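Report on the structure
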Amino acid sequence: MDLHRLRILLELSRWGSMREVADELGMTTSSVSQHIAALARRIGTPLTEPDGRRVRLTPAGRRLAEHAVTILAAVDAAIVDLDVDAAPAGTVRVAGFASAIRRSLLPTIARLGAAQSAVTVMIAEHEPFEALERLARDDVDIALTYDYNLAPATLRNDFSATALWTMKWGLGTHAAQRPGPLSSYAGSNWIVNSRNTADEEVLRILASMAGFTPRITHHIDSLELIDDLIAAGHGVGLLPLERTRQHSEVRVRSLDDLEVIMRTYAVIRRGREQWSPLRLVLDELNAEEP
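Nothing here was measured: the structure is a model prediction, and the numbers come from that model. (Residues numbered from 1 in each chain as written. Predicted model: local features only at pLDDT ≥ 70, side-chain atom pairs only at ≥ 80, totals over all residues. Heavy atoms only, no water.)

Here we look at the pairing of strand β6 (residues 159–174)
Relative to strand β11 (residues 260–269), β6 runs antiparallel, the two sharing 9 bridges. When the bridges of β11 are listed, K168 appears paired with I261. Pairing between β6 and strand β10 (residues 250–253): 4 bridges, direction antiparallel. Each bridged residue has a counterpart across the sheet, and for T173 the counterpart in β10 is R251. (Pairing = 2+ DSSP bridges. Helix = DSSP H or I, 4+ residues; strand = E, 2+ residues; numbered from the N terminus.)

Dropping the structure here:
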């Protein structure tokens, strides 16, 4: 089977447009179409079908594209193994939540740029469940996710996670509120994440241990906006202990004798780490933390 045609099919599965594939690979649209047609004849089944003015992969095309990732990664690994001068090159697609993008991914991209690496990174901001869904569809190569020690996440068995950094969380309140045990905030309005249920799950576990059911009033995605609401006296919520406050009115303190720890991960599909650009980005993400 022609590996070049497999690469073209894989790029088509990622870009969804023969024109964009042609631009990415430095080919003509006609040449891309001819290669896909030749590959379909070799397989003996259609690999694409019309989708308005564009094309999309058929189920057989998507399946072959999934195999292409493993096949091409193995070929790339073999080339690198035989050629000590070979350098990783390509585009790695990463989906992740904002804090991980700022703390881990942007410094990684900066280091790749400083090293004049031929690896580029495409970024999409998503909450963990969204990033994992995109990884499952092969829309991205890496998902940056998190869970909590009190509410550990379960990954699919075809996913592989690399632990990155951890962060302790505490209770964010207005500075005018007198500190007390968690149960003393049973009557407060609580603020939780609007897009990921892990934060609310941790809160409900903590509240249950303290003997109350939290009255969840606000659902907010942005930590900065949670700060704003707490500073304005609209509620309390869980916030990182180490994060710089943007309001002097906000206090974040530890939760009695309990530890709430956010744990972050770089998640990939098993077997894909052999692809050298992906391996390089993973290594840089992991090296970012001491």
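More follows now that the structure is in view.
A short note on unusual backbone geometry
With the exception of glycine, most residues fall at negative phi, and the peptide bonds are largely trans. A positive phi angle, close to 55 degrees, is found at Q116, a residue other than glycine. You can see Q116 is positioned in the loop between α5 (98–114) and β4 (118–125). Although it is not a glycine, D138 adopts a positive phi angle of roughly 65 degrees. Relative to the helices and strands, D138 is located in the loop between α6 (128–136) and β5 (142–148).

Observations concerning helix α1 (residues 3–15)
Its 13 residues place the ends of α1 18 Å apart at the C-alpha level, agreeing with the 18 Å of an ideal helix rising 1.5 Å per residue. Among the residues of α1, L6, I8, L9, L10, E11 and L12 are the ones counted as buried. Two or three places before H4, at the opening of α1, D2 has a side-chain oxygen 2.8 Å from that residue's backbone nitrogen. Backbone geometry just after α1 places G16 at a positive phi near 75 degrees. (Expected span 1.5 Å × (residues − 1). Buried < 20%, exposed > 50% of the residue type's maximum accessible area, 1.4 Å probe, protein only. Polar contact = N/O pair within 3.5 Å; in protein donor to acceptor, adjacent residues only side chain to side chain.)

Here's the deal with the side chain of R269
Note on placement: R269 falls in strand β11. You can call R269 buried: its relative accessible area is 11%. Not counting chain neighbours up to four residues away, the residues in contact with R269 comprise L135, A136, D138, D158 and F159. (Contact = heavy atoms within 4.5 Å.)

Description of the packing of aromatic side chains
On inspection of all chains with the given rule, the structure shows 4 aromatic pairs. On the numbers, 4.8 Å between centres and 70 degrees between planes, the contact of F97 with Y146 is edge-to-face. One end of the pair, F97, is in the loop between β3 (89–96) and α5; the other, Y146, is in strand β5, and 49 residues separate them in sequence. The residues F97 and Y146 share a single accessibility class, namely buried. On the basis of an interplanar angle of 80 degrees and a centroid distance of 5.7 Å, the ring pair of Y146 and Y148 is categorised as edge-to-face. Three or more aromatic residues joined by ring pairs form one cluster here, namely F97, Y146, Y148 and W169. Taking NZ or CZ as reference, R14 lies 5.2 Å from the ring centre of W275, over its face. Directly above the ring of W165 sits R103, whose terminal nitrogen or CZ lies 4.2 Å from the centroid. (Phe/Tyr/Trp six-rings, centres within 6.5 Å; stacked < 30°, edge-to-face > 60°. Lys NZ or Arg CZ within 6 Å of the ring centre and 35° of its normal.)

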